[in-house]
Amino acid sequence: MTELEREMLKSRIDAVRAQVEQAAVKAGRNPAEITLVAATKMNDAERVRFAIECGIRVCGENRVQELQEKYEQNAYRDTDLHFIGTLQTNKVKFLIGKVSLIQSVSSIRLGQAIAKEAAKQGIRQDILLEVNIGREAAKSGILLEDLPDTLEILAQNPALHIRGLMAIPPIADQTTKNLRYFDEMHQVFVDILTKKYDNVNMDYLSMGMTNDFEAAIACGSNMVRIGTAIFGARHYPAV
Ligand SMILES: *Cc1c(COP(=O)(O)O)cnc(C)c1O
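Residues numbered from 1 in each chain as written. Predicted model: local features only at pLDDT ≥ 70, side-chain atom pairs only at ≥ 80, totals over all residues. Heavy atoms only, no water.

Asks: Tell me about the overall build of the chain, residues and numbers included.
Replies: In terms of helices and strands, the chain carries eight helices and eight strands. Against the compact-globule benchmark of 18 Å for 239 residues, the chain has a radius of gyration of 17 Å, which places it among compact chains. Relative to its 239 residues, the chain shows a buried fraction of 49%. Across the chain, contacts joining residues at least 24 apart in sequence account for 60% of those joining residues at least 6 apart. Looking at the chain, you have 29 positive and 31 negative side-chain charges, and the mean spots of the two groups are 3 Å apart. (Helix = DSSP H or I, 4+ residues; strand = E, 2+ residues; numbered from the N terminus. Rg over C-alpha atoms; globule rule 2.2 N^0.38 Å. Buried < 20%, exposed > 50% of the residue type's maximum accessible area, 1.4 Å probe, protein only. Contact = heavy atoms within 4.5 Å. Lys, Arg positive; Asp, Glu negative; His and termini not counted. Charge placed at Lys NZ, Arg CZ, Asp CG, Glu CD.)

Asks: Can you lay out the pairing of strand β1 (residues 35-39) for me, pointing to particular residues and giving the numbers?
Replies: Sheet faces and side chains relate simply in a regular strand, where the side chains alternate between the two faces. Counting buried positions over the five residues of β1 gives four, a clear majority of the element. Here three bridges tie β1 to strand β2 (residues 58-61), and the two strands are oriented parallel to one another. When the sheet's bridge partners are listed, V37 is paired in β2 with V58. Taking the sense of rotation as the criterion, the β-α-β connection linking β1, helix α2 (residues 45-53) and β2 turns out right-handed. (Pairing = 2+ DSSP bridges. Right-handed = clockwise from strand over helix to strand, strands pointing away.)

Asks: Could you give an account of the site of the ligand, with specific residues and numbers?
Replies: Near the ligand the following residues occur: A39, K41, N62, I84, I168, M209, T210, R225, I226, G227, T228 and R234. Between an oxygen atom of the ligand and a side-chain N or O atom of K41, the distance comes to 2.7 Å. In the environment of the ligand, an oxygen atom lies 2.8 Å from a nitrogen or oxygen atom belonging to the backbone of G227. The residue inventory of the shell around the ligand, partitioned by class, reads five nonpolar, four polar and three charged. (Near = heavy atom within 4 Å. Polar contact = N/O pair within 3.5 Å; in protein donor to acceptor, adjacent residues only side chain to side chain. Nonpolar A, V, L, I, M, F, W, Y, C, P; charged D, E, K, R; others polar.)

This is how it looks when you write it as structure tokens:
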């Protein structure tokens, strides 16, 4: 990284942390209760390490192979590492023991695959259940009507600890359009919290990304996953 790149990354991190704090205060909440997850995809180990030097405490990766590569390069030392992307059951074994939280558990089958691997390693894996709040065919995630059964079944598994919910609402041209999805998610979150399922702790409601994290916080999110606002625009290679 050039000196200029380092300066820019540092100032973006400072700015995002300030914005998250302001959004919390504006919503009448304690900024300390909001977890900022830096979505580190497509940023190499050097950039990730520098982001951590600048105060990032949680990294989120969304591809298993990329996570493994950067993990081997010691990119995430001194941070919590979360998995936030689509996960195939056959890749689960590469994550267990490396990540503190799997945010994107989108089916009973995936939850059980995680439990099986965690049990093998003598670990109780923290997970979030991903809800397909916009009912989008192209997106993974549990439909609201399937959430109670999924909770009941996965909560019984001693190798899993359900810590909350995650959602990625449909891409909206205006942030206001996602308010109803964020509101709906918060309501579901509070419902589950109130029902007090055994072995379930509704600690985290993970929603909000670069374009909508302030709105998400206003609606009750306490975990935001931010990539672009921290690292700049991602340049996907042409295929
Ligand atoms: C990339 C990614 C983010 C961050 O997206 P930005 O819009 O760049 O902030 C959040 N969540 C998931 C699951 C992601 O893959």
